[in-house]
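Read off the chains here:
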Amino acid sequence: MSELLTDTEKQVIASIQGDMPIVERPYEQIASRLGMSEARLLEILRDLVDRGIIRRFGATLRHQKSGFRANAMVAWQVDETRIDAVGKLMASFQAVSHCYRRDPTDEWPYNLYTMVHGQDEADCRQTAEKMARDAAVDRYELLFSRRELKKTSMQYFREVKSEV
Amino acid sequence: MLDEFDKSIINRIQADFPIDSRPFARIAMELGLNEDEVIRRVKAMKDSGIVRRIGANFVPGKVGFVSTLCAARVPDEKIDSFSEVVNRYPGVTHNYQRENTINIWFTFIARSTEEIEENLARIRAETGVDHIMNLPATKVFKIRAQFEV
């Protein structure tokens, strides 16, 4: 469900989705660009967090440089009657950052997806084997990334004009 | 390399960066450092590339967007030209070549499911790659905010 956002909120979203300046008062800088007070900006940001519109506010790491050198997307074929239990179990692994159910297709029978992180590919493989044993799922594929072709953050509401 | 203070800072600012007039002073107080020292360390971690960015991450559905994962079977010799076309769309935020017969995996965020389908049709027509699957999540079990370092 989509929430109703005011133009001011959209402007705030557009201003805070990039990279914040590393200075004593970063919000003051952003607020002055938007033509609003720092206090007003802080208030809107806290409200966006409270409403769950901001999912996470903070630093995004480059995993390769922070000790998680390898990652694999693991696609699992899980009996639909067990999907909730298996999804929750797999989500509980420390090494798993993302876990989703997606519909299978004719050419691709997998319906559960996990991102598995590790020191190296062998580490990812071992984690996947343990997940497979614990969840009693034996049909799965590890898809190691061979090349990063694009990695950016979504730019929402770039077109919203200043109203203040 | 990262020392213990750097690690504490990273673990502190990933999920819950202070929304506060002097955020670095607040972090400094919590960790027993001073504000300048925290700013210096965060800048150094940005420069070395460990920290990619500091900012907000949104739930697409809550700002009126939809998101999906797309997967394509692209012949080796077409990978570069295919990803050039795909990457042109601002809504394609992540794109990876993966080791599989289905070898190109990208995320797509747009205003609506219809807009994504239209764009995929356009990509198929322009690249000649017919095999592109649209795999929206039907259930989210986990999106992790924090990587302990």
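Cut-off values and rules
Residues numbered from 1 in each chain as written. Chains lettered and ligands numbered in written order. Predicted model: local features only at pLDDT ≥ 70, side-chain atom pairs only at ≥ 80, totals over all residues. Heavy atoms only, no water. Contact = heavy atoms within 4.5 Å. Buried area = accessible area lost by both parts, 1.4 Å probe. Salt bridge = Lys/Arg side-chain N within 4 Å of Asp/Glu carboxyl O. Polar contact = N/O pair within 3.5 Å; in protein donor to acceptor, adjacent residues only side chain to side chain. Helix = DSSP H or I, 4+ residues; strand = E, 2+ residues; numbered from the N terminus. Nonpolar A, V, L, I, M, F, W, Y, C, P; charged D, E, K, R; others polar. pLDDT = per-residue confidence, 0-100. Domains from an automatic or database assignment.

Counting residues at the interface gives 76 residues for chain B and 79 residues for chain A. Approximately 7,500 Å² of surface area, both sides summed, lies buried where chain B meets chain A, with 56% of it carried by carbon and sulfur atoms. Of all residues in chain B, I19, R52 and F141 of chain B bury the most surface against chain A, accounting for 11% of the area lost on that side. Here E107 of chain A and R73 of chain B are joined by a salt bridge, their closest N and O atoms 2.7 Å apart. Linking chain B with chain A are 51 residue pairs in polar contact (both at pLDDT 80 or more), by the criterion used here. When residues in the side of chain B that touches chain A are grouped by element, the largest group, eight residues, is from strand β1 (residues 51-58) of chain B. Grouping the constituent residues of the side of chain B that touches chain A by class yields 39 nonpolar, 18 polar and 19 charged.

Taken over all residues, the pLDDT of chain B has a mean of 95, while the share at 70 or more is 99%. Our summary of model confidence lists the complex with pTM equal to 0.87 and ipTM equal to 0.87.

Moving on, we come to the domain arrangement of chain A. Along its sequence, chain A is carved into domain 1 (2-50) and domain 2 (70-144). In this structure, domain 1 of chain A and domain 2 of chain A have C-alpha centres spaced 37 Å apart.

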